[in-house]
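Fold and contact review
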Amino acid sequence: MMRFTLPRDIYYGKGSLEQLKNLQGKKAMIVLGGGSMKKFGFVDKVLGYLKEAGIETRLFENVEPDPSVETVMKGAAAMREFEPDWIISMGGGSPIDAAKAMWVFYEYPDTTFEEILQPFSFPTLRQKAKFLAIPSTSGTATEVTAFSVITDYAKGIKYPLADFNITPDVAIVDPELAETMPAKLTAHTGMDALTHAIEAYVSTLHAAFTDPLALRAIEMVFNYLPASYKGDKNAREQMHYAQCMAGMAFSNALLGIVHSMAHKTGAAFSTGHIPHGCANAIYLPYVIQYNAKEASAKTRYAEIAKYLHLAGNTEDELVQALCDKIDAYNVELNIPKTLKDFGIVEEEFKEKVAKIAELAVGDACTGSNPRAITPAQMEKLLTATYYGQKIDF
(Lines give C-alpha, C1' and ligand atoms only; values in the text may rest on other atoms or scores of the structure.)
Protein backbone atom coordinates (compact mmCIF):
# COMPACT_ATOMS: atom_id res chain seq x y z
CA MET A 1 0.00 0.00 0.00
CA MET A 2 1.15 3.55 -0.78
CA ARG A 3 -0.04 6.92 0.51
CA PHE A 4 -0.61 10.33 -1.09
CA THR A 5 -1.02 13.21 1.38
CA LEU A 6 -1.56 16.92 0.73
CA PRO A 7 -2.97 19.88 2.71
CA ARG A 8 -6.75 19.79 2.95
CA ASP A 9 -6.97 23.20 1.24
CA ILE A 10 -4.59 25.04 -1.07
CA TYR A 11 -5.56 28.63 -1.89
CA TYR A 12 -3.57 30.17 -4.74
CA GLY A 13 -3.48 33.21 -6.99
CA LYS A 14 -2.79 36.88 -6.44
CA GLY A 15 -4.65 38.18 -3.41
CA SER A 16 -5.30 34.73 -1.95
CA LEU A 17 -3.81 35.92 1.35
CA GLU A 18 -7.23 37.48 1.96
CA GLN A 19 -8.60 33.98 2.67
CA LEU A 20 -7.22 34.41 6.21
CA LYS A 21 -10.21 36.55 7.14
CA ASN A 22 -12.38 33.43 6.81
CA LEU A 23 -10.25 31.33 9.16
CA GLN A 24 -12.11 29.77 12.09
CA GLY A 25 -10.29 29.84 15.41
CA LYS A 26 -9.44 31.74 18.60
CA LYS A 27 -5.66 32.23 18.76
CA ALA A 28 -2.87 32.13 16.18
CA MET A 29 0.89 32.12 16.72
CA ILE A 30 2.57 33.62 13.64
CA VAL A 31 6.11 32.38 13.01
CA LEU A 32 8.29 34.67 10.88
CA GLY A 33 11.83 34.94 9.56
CA GLY A 34 14.18 37.89 9.44
CA GLY A 35 11.86 40.78 8.64
CA SER A 36 11.23 40.92 4.90
CA MET A 37 7.56 40.08 5.31
CA LYS A 38 7.19 43.05 7.67
CA LYS A 39 9.20 45.29 5.38
CA PHE A 40 6.94 44.60 2.40
CA GLY A 41 3.72 44.98 4.41
CA PHE A 42 2.56 41.37 4.35
CA VAL A 43 2.61 40.92 8.14
CA ASP A 44 0.27 43.89 8.53
CA LYS A 45 -2.05 42.36 5.93
CA VAL A 46 -2.09 39.04 7.80
CA LEU A 47 -2.76 40.71 11.13
CA GLY A 48 -5.58 42.72 9.59
CA TYR A 49 -7.26 39.69 8.03
CA LEU A 50 -6.96 37.68 11.27
CA LYS A 51 -8.44 40.59 13.21
CA GLU A 52 -11.42 40.48 10.83
CA ALA A 53 -11.68 36.76 11.60
CA GLY A 54 -11.77 37.51 15.34
CA ILE A 55 -8.51 35.66 16.01
CA GLU A 56 -6.07 36.85 18.67
CA THR A 57 -2.48 36.84 17.41
CA ARG A 58 1.07 36.76 18.70
CA LEU A 59 4.32 36.89 16.69
CA PHE A 60 7.41 34.71 17.02
CA GLU A 61 10.02 36.49 14.90
CA ASN A 62 13.58 36.27 13.64
CA VAL A 63 13.82 32.60 12.78
CA GLU A 64 17.27 32.35 11.22
CA PRO A 65 18.09 30.88 7.80
CA ASP A 66 18.54 27.14 8.35
CA PRO A 67 16.72 27.17 11.71
CA SER A 68 18.43 25.69 14.73
CA VAL A 69 17.28 23.18 17.31
CA GLU A 70 17.51 26.00 19.88
CA THR A 71 15.15 28.25 17.91
CA VAL A 72 12.66 25.41 17.60
CA MET A 73 12.65 24.86 21.34
CA LYS A 74 12.23 28.60 22.07
CA GLY A 75 9.28 28.78 19.69
CA ALA A 76 7.63 25.73 21.22
CA ALA A 77 7.97 27.29 24.68
CA ALA A 78 6.32 30.50 23.41
CA MET A 79 3.46 28.44 21.98
CA ARG A 80 2.94 26.58 25.24
CA GLU A 81 2.62 29.94 26.99
CA PHE A 82 0.18 31.42 24.42
CA GLU A 83 -1.76 28.21 23.64
CA PRO A 84 -2.76 28.88 20.01
CA ASP A 85 -5.22 26.72 18.11
CA TRP A 86 -3.60 27.79 14.82
CA ILE A 87 0.10 27.92 14.00
CA ILE A 88 0.64 30.20 10.99
CA SER A 89 4.04 30.54 9.40
CA MET A 90 4.89 32.95 6.61
CA GLY A 91 8.13 33.45 4.71
CA GLY A 92 10.77 31.20 3.19
CA GLY A 93 11.36 27.57 3.98
CA SER A 94 13.19 28.36 7.22
CA PRO A 95 10.36 29.84 9.34
CA ILE A 96 7.86 27.31 8.00
CA ASP A 97 10.21 24.39 8.69
CA ALA A 98 10.93 25.76 12.16
CA ALA A 99 7.23 26.19 12.91
CA LYS A 100 6.52 22.59 11.89
CA ALA A 101 9.09 21.34 14.39
CA MET A 102 7.83 23.76 17.06
CA TRP A 103 4.38 22.28 16.58
CA VAL A 104 5.61 18.88 17.77
CA PHE A 105 7.18 20.21 20.97
CA TYR A 106 4.21 22.49 21.64
CA GLU A 107 1.86 19.55 21.69
CA TYR A 108 4.34 17.07 23.23
CA PRO A 109 6.67 18.97 25.60
CA ASP A 110 8.31 15.80 26.91
CA THR A 111 9.36 14.59 23.46
CA THR A 112 13.07 14.96 22.67
CA PHE A 113 14.54 16.04 19.35
CA GLU A 114 16.34 12.71 19.07
CA GLU A 115 13.01 10.86 19.25
CA ILE A 116 11.72 12.44 16.02
CA LEU A 117 14.87 11.99 13.92
CA GLN A 118 13.69 8.60 12.72
CA PRO A 119 11.50 9.26 9.64
CA PHE A 120 7.76 8.86 10.17
CA SER A 121 8.07 8.46 13.93
CA PHE A 122 6.21 11.58 15.09
CA PRO A 123 3.44 11.49 17.67
CA THR A 124 -0.08 12.29 16.44
CA LEU A 125 -0.48 16.05 16.03
CA ARG A 126 -3.53 18.35 15.92
CA GLN A 127 -4.27 17.73 19.57
CA LYS A 128 -3.96 21.47 20.26
CA ALA A 129 -3.49 23.27 16.94
CA LYS A 130 -3.75 23.15 13.18
CA PHE A 131 -1.11 24.50 10.79
CA LEU A 132 -1.31 27.07 7.99
CA ALA A 133 1.68 27.88 5.77
CA ILE A 134 2.25 30.90 3.50
CA PRO A 135 5.42 30.65 1.37
CA SER A 136 7.25 33.76 0.16
CA THR A 137 9.92 31.89 -1.82
CA SER A 138 9.53 29.53 -4.75
CA GLY A 139 11.57 26.47 -3.91
CA THR A 140 11.16 24.48 -0.73
CA ALA A 141 7.40 23.82 -1.11
CA THR A 142 7.35 23.16 2.62
CA GLU A 143 3.79 24.54 2.61
CA VAL A 144 2.60 21.23 1.10
CA THR A 145 5.17 18.71 2.33
CA ALA A 146 5.71 16.28 5.15
CA PHE A 147 9.26 17.56 5.71
CA SER A 148 11.18 20.02 7.85
CA VAL A 149 14.94 20.63 7.88
CA ILE A 150 16.49 21.68 11.20
CA THR A 151 20.19 22.35 11.82
CA ASP A 152 22.32 21.30 14.77
CA TYR A 153 25.07 23.88 14.49
CA ALA A 154 27.15 22.32 17.25
CA LYS A 155 27.47 19.18 15.13
CA GLY A 156 27.39 20.93 11.74
CA ILE A 157 24.55 18.68 10.57
CA LYS A 158 21.18 19.36 8.95
CA TYR A 159 18.45 16.94 10.01
CA PRO A 160 15.62 16.32 7.54
CA LEU A 161 12.55 15.55 9.64
CA ALA A 162 9.87 13.54 7.86
CA ASP A 163 6.34 12.65 8.88
CA PHE A 164 2.92 13.05 7.26
CA ASN A 165 1.76 14.58 10.57
CA ILE A 166 3.57 17.82 9.73
CA THR A 167 1.94 18.28 6.35
CA PRO A 168 0.13 21.64 6.80
CA ASP A 169 -3.65 21.71 6.97
CA VAL A 170 -3.88 24.81 4.77
CA ALA A 171 -1.47 26.38 2.28
CA ILE A 172 -1.87 29.88 0.84
CA VAL A 173 0.27 30.18 -2.30
CA ASP A 174 0.02 33.88 -3.11
CA PRO A 175 2.54 34.89 -5.83
CA GLU A 176 2.57 38.51 -4.67
CA LEU A 177 4.85 37.43 -1.82
CA ALA A 178 7.32 35.83 -4.24
CA GLU A 179 7.69 39.08 -6.20
CA THR A 180 9.90 40.37 -3.37
CA MET A 181 12.67 37.76 -3.81
CA PRO A 182 16.14 39.02 -4.82
CA ALA A 183 17.68 37.47 -7.94
CA LYS A 184 20.15 35.14 -6.20
CA LEU A 185 17.43 33.70 -3.95
CA THR A 186 15.19 33.28 -7.01
CA ALA A 187 17.95 31.25 -8.70
CA HIS A 188 18.70 29.04 -5.70
CA THR A 189 15.07 28.33 -4.81
CA GLY A 190 14.22 27.67 -8.45
CA MET A 191 16.95 25.05 -8.77
CA ASP A 192 15.80 23.56 -5.47
CA ALA A 193 12.34 23.14 -7.00
CA LEU A 194 13.84 21.53 -10.10
CA THR A 195 15.82 19.10 -7.94
CA HIS A 196 12.68 18.20 -5.97
CA ALA A 197 10.80 17.36 -9.15
CA ILE A 198 13.61 15.38 -10.83
CA GLU A 199 14.40 13.39 -7.69
CA ALA A 200 10.71 12.64 -7.15
CA TYR A 201 10.39 11.36 -10.72
CA VAL A 202 13.30 8.91 -10.42
CA SER A 203 12.72 7.96 -6.77
CA THR A 204 12.09 4.32 -5.95
CA LEU A 205 8.73 5.46 -4.55
CA HIS A 206 7.51 7.37 -7.62
CA ALA A 207 3.91 6.58 -8.47
CA ALA A 208 1.04 7.33 -10.83
CA PHE A 209 -0.08 10.20 -8.61
CA THR A 210 3.36 11.84 -8.35
CA ASP A 211 4.74 11.43 -11.89
CA PRO A 212 2.46 13.98 -13.64
CA LEU A 213 3.14 16.60 -10.95
CA ALA A 214 6.90 16.05 -11.17
CA LEU A 215 7.04 16.23 -14.98
CA ARG A 216 4.88 19.34 -15.22
CA ALA A 217 6.90 21.05 -12.49
CA ILE A 218 10.16 20.26 -14.32
CA GLU A 219 8.76 21.71 -17.55
CA MET A 220 7.52 24.86 -15.79
CA VAL A 221 10.85 25.47 -14.06
CA PHE A 222 12.75 25.25 -17.34
CA ASN A 223 10.17 27.49 -19.03
CA TYR A 224 9.93 30.20 -16.38
CA LEU A 225 13.03 30.27 -14.15
CA PRO A 226 15.27 32.45 -16.39
CA ALA A 227 12.59 35.14 -16.72
CA SER A 228 11.73 34.85 -13.02
CA TYR A 229 15.43 35.36 -12.24
CA LYS A 230 15.27 38.62 -14.22
CA GLY A 231 12.20 39.78 -12.26
CA ASP A 232 9.32 39.06 -14.65
CA LYS A 233 6.16 38.98 -12.50
CA ASN A 234 4.24 36.46 -14.60
CA ALA A 235 7.23 34.12 -14.52
CA ARG A 236 7.48 34.59 -10.74
CA GLU A 237 3.84 33.55 -10.43
CA GLN A 238 4.31 30.43 -12.55
CA MET A 239 7.45 29.45 -10.59
CA HIS A 240 5.49 29.80 -7.35
CA TYR A 241 3.03 27.23 -8.64
CA ALA A 242 5.73 25.00 -10.15
CA GLN A 243 7.60 24.69 -6.87
CA CYS A 244 4.34 23.84 -5.09
CA MET A 245 3.61 21.06 -7.58
CA ALA A 246 7.16 19.75 -7.17
CA GLY A 247 6.53 19.69 -3.43
CA MET A 248 3.35 17.67 -3.85
CA ALA A 249 5.37 15.15 -5.85
CA PHE A 250 8.38 14.77 -3.58
CA SER A 251 6.42 14.84 -0.33
CA ASN A 252 4.87 11.58 -1.46
CA ALA A 253 7.57 10.05 -3.69
CA LEU A 254 10.46 11.25 -1.47
CA LEU A 255 13.88 12.37 -2.71
CA GLY A 256 17.40 11.09 -3.33
CA ILE A 257 21.09 11.64 -2.72
CA VAL A 258 21.27 15.17 -4.15
CA HIS A 259 19.44 16.18 -1.00
CA SER A 260 21.44 13.80 1.19
CA MET A 261 24.62 15.54 0.01
CA ALA A 262 23.17 19.04 0.37
CA HIS A 263 21.92 18.33 3.89
CA LYS A 264 25.31 17.13 5.07
CA THR A 265 27.48 19.76 3.39
CA GLY A 266 25.40 22.93 3.86
CA ALA A 267 26.78 23.74 7.31
CA ALA A 268 29.92 21.59 7.27
CA PHE A 269 32.62 24.01 6.12
CA SER A 270 34.11 26.96 7.97
CA THR A 271 34.67 28.90 4.75
CA GLY A 272 30.98 29.56 4.25
CA HIS A 273 27.49 28.14 4.39
CA ILE A 274 26.32 26.61 1.10
CA PRO A 275 22.70 27.69 0.47
CA HIS A 276 20.53 24.60 0.09
CA GLY A 277 19.27 25.35 -3.42
CA CYS A 278 22.77 26.24 -4.59
CA ALA A 279 24.13 22.95 -3.24
CA ASN A 280 21.37 21.03 -5.00
CA ALA A 281 22.11 22.81 -8.27
CA ILE A 282 25.82 21.96 -8.04
CA TYR A 283 25.25 18.29 -7.18
CA LEU A 284 22.32 17.50 -9.49
CA PRO A 285 24.20 16.85 -12.80
CA TYR A 286 26.80 14.68 -11.04
CA VAL A 287 24.14 12.62 -9.27
CA ILE A 288 22.24 12.12 -12.54
CA GLN A 289 25.46 10.71 -14.05
CA TYR A 290 25.90 8.42 -11.04
CA ASN A 291 22.29 7.21 -10.90
CA ALA A 292 22.08 6.68 -14.67
CA LYS A 293 24.45 3.73 -14.30
CA GLU A 294 21.31 1.98 -12.99
CA ALA A 295 19.21 0.99 -16.04
CA SER A 296 15.81 1.87 -14.60
CA ALA A 297 17.03 5.29 -13.47
CA LYS A 298 18.58 5.96 -16.88
CA THR A 299 15.21 5.26 -18.48
CA ARG A 300 13.45 7.68 -16.12
CA TYR A 301 15.97 10.48 -16.79
CA ALA A 302 15.60 9.84 -20.52
CA GLU A 303 11.82 10.17 -20.16
CA ILE A 304 12.32 13.60 -18.58
CA ALA A 305 14.53 14.64 -21.49
CA LYS A 306 11.94 13.43 -24.01
CA TYR A 307 9.18 15.31 -22.16
CA LEU A 308 11.30 18.46 -22.50
CA HIS A 309 11.87 17.74 -26.24
CA LEU A 310 15.64 17.56 -25.79
CA ALA A 311 17.72 16.08 -28.60
CA GLY A 312 19.00 12.51 -28.37
CA ASN A 313 18.58 9.20 -30.18
CA THR A 314 19.57 6.95 -27.28
CA GLU A 315 18.95 6.97 -23.55
CA ASP A 316 22.60 7.87 -22.97
CA GLU A 317 22.32 10.85 -25.31
CA LEU A 318 19.09 11.99 -23.68
CA VAL A 319 20.57 11.77 -20.16
CA GLN A 320 23.58 13.79 -21.32
CA ALA A 321 21.25 16.36 -22.88
CA LEU A 322 19.44 16.71 -19.56
CA CYS A 323 22.73 17.23 -17.70
CA ASP A 324 23.85 19.76 -20.32
CA LYS A 325 20.60 21.69 -19.93
CA ILE A 326 21.00 21.84 -16.15
CA ASP A 327 24.63 22.96 -16.55
CA ALA A 328 23.53 25.70 -18.94
CA TYR A 329 20.90 26.95 -16.50
CA ASN A 330 23.46 27.01 -13.67
CA VAL A 331 25.71 29.19 -15.84
CA GLU A 332 22.80 31.51 -16.69
CA LEU A 333 21.85 31.74 -13.00
CA ASN A 334 25.44 32.38 -11.88
CA ILE A 335 25.66 29.15 -9.87
CA PRO A 336 29.14 27.55 -9.60
CA LYS A 337 29.78 24.16 -11.17
CA THR A 338 31.92 22.74 -8.36
CA LEU A 339 32.46 23.02 -4.62
CA LYS A 340 35.92 24.37 -5.39
CA ASP A 341 34.39 27.14 -7.49
CA PHE A 342 32.01 27.90 -4.62
CA GLY A 343 35.00 28.61 -2.42
CA ILE A 344 35.37 25.56 -0.19
CA VAL A 345 39.03 25.27 0.84
CA GLU A 346 40.66 22.13 -0.55
CA GLU A 347 42.46 21.14 2.65
CA GLU A 348 39.28 21.36 4.72
CA PHE A 349 37.33 19.43 2.08
CA LYS A 350 39.87 16.60 2.10
CA GLU A 351 39.88 16.56 5.89
CA LYS A 352 36.09 16.29 6.19
CA VAL A 353 34.90 14.46 3.07
CA ALA A 354 35.03 10.92 4.49
CA LYS A 355 32.87 11.83 7.49
CA ILE A 356 30.48 13.87 5.34
CA ALA A 357 30.13 10.89 2.99
CA GLU A 358 29.27 8.59 5.88
CA LEU A 359 26.65 11.01 7.17
CA ALA A 360 25.18 11.55 3.69
CA VAL A 361 24.71 7.82 3.15
CA GLY A 362 22.84 7.71 6.46
CA ASP A 363 20.60 10.66 5.51
CA ALA A 364 16.84 10.03 5.37
CA CYS A 365 16.75 10.86 1.63
CA THR A 366 19.22 8.16 0.62
CA GLY A 367 16.79 5.27 1.00
CA SER A 368 14.62 6.30 -1.96
CA ASN A 369 17.53 7.07 -4.32
CA PRO A 370 17.26 4.89 -7.45
CA ARG A 371 20.83 3.58 -7.16
CA ALA A 372 22.38 2.28 -3.93
CA ILE A 373 25.52 3.98 -2.65
CA THR A 374 28.23 3.10 -0.14
CA PRO A 375 30.26 5.56 1.94
CA ALA A 376 33.26 4.92 -0.32
CA GLN A 377 31.22 5.67 -3.46
CA MET A 378 29.72 8.75 -1.81
CA GLU A 379 33.23 10.02 -1.00
CA LYS A 380 34.20 9.57 -4.67
CA LEU A 381 31.01 11.34 -5.76
CA LEU A 382 31.61 14.30 -3.44
CA THR A 383 35.22 14.48 -4.59
CA ALA A 384 34.03 14.62 -8.20
CA THR A 385 31.73 17.53 -7.31
CA TYR A 386 34.68 19.34 -5.75
CA TYR A 387 36.98 19.06 -8.75
CA GLY A 388 34.41 18.83 -11.56
CA GLN A 389 35.27 15.27 -12.54
CA LYS A 390 33.17 13.04 -14.78
CA ILE A 391 31.36 10.22 -12.97
CA ASP A 392 32.69 6.88 -14.28
CA PHE A 393 31.82 4.54 -11.41
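You'll find the structure just up there.
Scope of this entry: the structure provided in the associated data block. (Residues numbered from 1 in each chain as written. Predicted model: local features only at pLDDT ≥ 70, side-chain atom pairs only at ≥ 80, totals over all residues. Heavy atoms only, no water.)

1. Looking at the overall build of the chain
Looking only at helices and strands, one finds 15 helices and eight strands in the chain. Relative to a compact globule of 393 residues, whose C-alpha radius of gyration would be 21 Å, the chain shows 20 Å and is just as compact. Overall size of the chain, expressed as C-alpha extent along the three principal axes, is 60 × 45 × 40 Å. In the chain, which comprises 393 residues, the share counted as buried stands at 60%. For the chain, the proportion of contacts with a sequence separation of at least 24, taken over those separated by at least 6, is 78%. Averaged over its 38 positive side-chain charges, the chain has a centre that lies 2 Å from the centre of its 47 negative ones. (Helix = DSSP H or I, 4+ residues; strand = E, 2+ residues; numbered from the N terminus. Rg over C-alpha atoms; globule rule 2.2 N^0.38 Å. Buried < 20%, exposed > 50% of the residue type's maximum accessible area, 1.4 Å probe, protein only. Contact = heavy atoms within 4.5 Å. Lys, Arg positive; Asp, Glu negative; His and termini not counted. Charge placed at Lys NZ, Arg CZ, Asp CG, Glu CD.)

2. Looking at the pattern of salt bridges
Using the criterion set out here, one finds 15 salt bridges in the structure. Close ionic contact of E346 with K350 constitutes a salt bridge, the shortest N to O distance being 3.7 Å. With E346 and K350 both in helix α14 (residues 346–361) and four residues apart, the pair spans about one turn of that helix. Of the residues examined, E346 reaches a relative accessible area of 25% and is grouped as partly exposed. Assessed through its relative accessible area of 53%, K350 is described here as exposed. When salt bridges that share partners are traced, they join D211, R300 and E303 into one network. (Salt bridge = Lys/Arg side-chain N within 4 Å of Asp/Glu carboxyl O.)

3. Focus on the packing of aromatic side chains
All told, the structure shown has twelve aromatic pairs when counted by the stated rule. In textbook terms, an aromatic cluster arises when at least three aromatic residues are bridged by ring pairs, as seen for F269, F349, Y386 and Y387. A cation over an aromatic ring shows up here: K128 above the ring of Y106, its NZ or CZ 5.1 Å from the ring centre. Note that K325 overlies the ring of F222, its terminal NZ or CZ placed 5.0 Å from the centroid. (Phe/Tyr/Trp six-rings, centres within 6.5 Å; stacked < 30°, edge-to-face > 60°. Lys NZ or Arg CZ within 6 Å of the ring centre and 35° of its normal.)

4. Observations concerning the nonpolar core
Ranked by internal contacts, the top residues of the largest apolar core, which has 86 residues, are Y301 and L381. Non-local contacts of Y301, meaning those with residues more than four positions away in its chain, are made with I198, V202, V287, I288, N291, A292, V319 and L322. A99, M102, L125 and I166 belong to the second-largest nonpolar core, a separate cluster that totals 31 residues. (Core = buried A, V, L, I, M, F, W, Y, C linked by side-chain atoms within 4.5 Å.)

5. Looking at the sheet that holds strand β3 (residues 56–60)
Read from one edge of the open sheet, six strands run β1-β8-β5-β4-β2-β3, paired in parallel fashion. A single partner strand is all that each edge strand has here, and the edge strands are β1 (9–12) and β3. For this sheet the average axis-to-axis angle between neighbouring strands, irrespective of direction, equals 15 degrees. In the sheet, strand β5 (residues 130–135) pairs with strand β8 (residues 170–173) via two bridges, with the strands oriented parallel. Note that in β8 the partner of L132 across the bridge is V170. Strand contacts of helix α4 (residues 93–107): β2 (27–31), β3, β4 (86–91) and β5, with the helix running at about 160 degrees to β4, the strand carrying the most contacts. Along the sheet, helix α8 (residues 233–253) makes contact with β1, β5 and β8, crossing β8 at roughly 155 degrees. (Pairing = 2+ DSSP bridges. Axes fitted to C-alpha atoms, helices over the stretch in contact; angles between N-to-C directions.)

6. Notes on the environment of F147
Inspection of the secondary structure puts F147 in strand β6 (residues 147–152). Considered as a pair, F147 and G54 are 93 residues apart in the sequence and their alpha carbons are 31 Å apart. Not counting residues within four places of it along the chain, the set of residues in contact with F147 comprises D97, K100, T142, L161, A162, I166, F250, S251 and L254.

7. Comments concerning the packing of helix α9 (residues 257–265) against helix α15 (residues 375–387)
Closest axis-to-axis distance for the α9/α15 pair is 12 Å, and the angle between their directions is 75 degrees. Looking at the two axes, α9 sits roughly perpendicular to α15. Taken together, the residues of α15 that come into contact with α9 (itself represented by I257, M261 and T265) are M378, L381, L382 and T385. (Parallel < 35°, antiparallel > 145°, perpendicular 65-115°, else oblique.)

8. Some words on the pairing of strand β7 (residues 157–162)
Burial analysis of β7 places six of its six residues in the buried class, which makes it a mostly covered element. Residues I157, Y159 and L161 line one face of β7 and the alternating positions K158, P160 and A162 line the opposite face, and both faces are buried. Pairing of β6 with β7 involves six bridges; the strand directions are antiparallel. Bridging across to β7, V149 finds its partner in P160.

9. Looking at the side chain of E219
With respect to the helices and strands, the residue E219 is situated in helix α7 (residues 211–229). A polar atom in the side chain of E219 sits 2.6 Å from the side chain of R216. Leaving out residues up to four positions away in the same chain, E219 has contacts with Y307 and L308. (Polar contact = N/O pair within 3.5 Å; in protein donor to acceptor, adjacent residues only side chain to side chain.)

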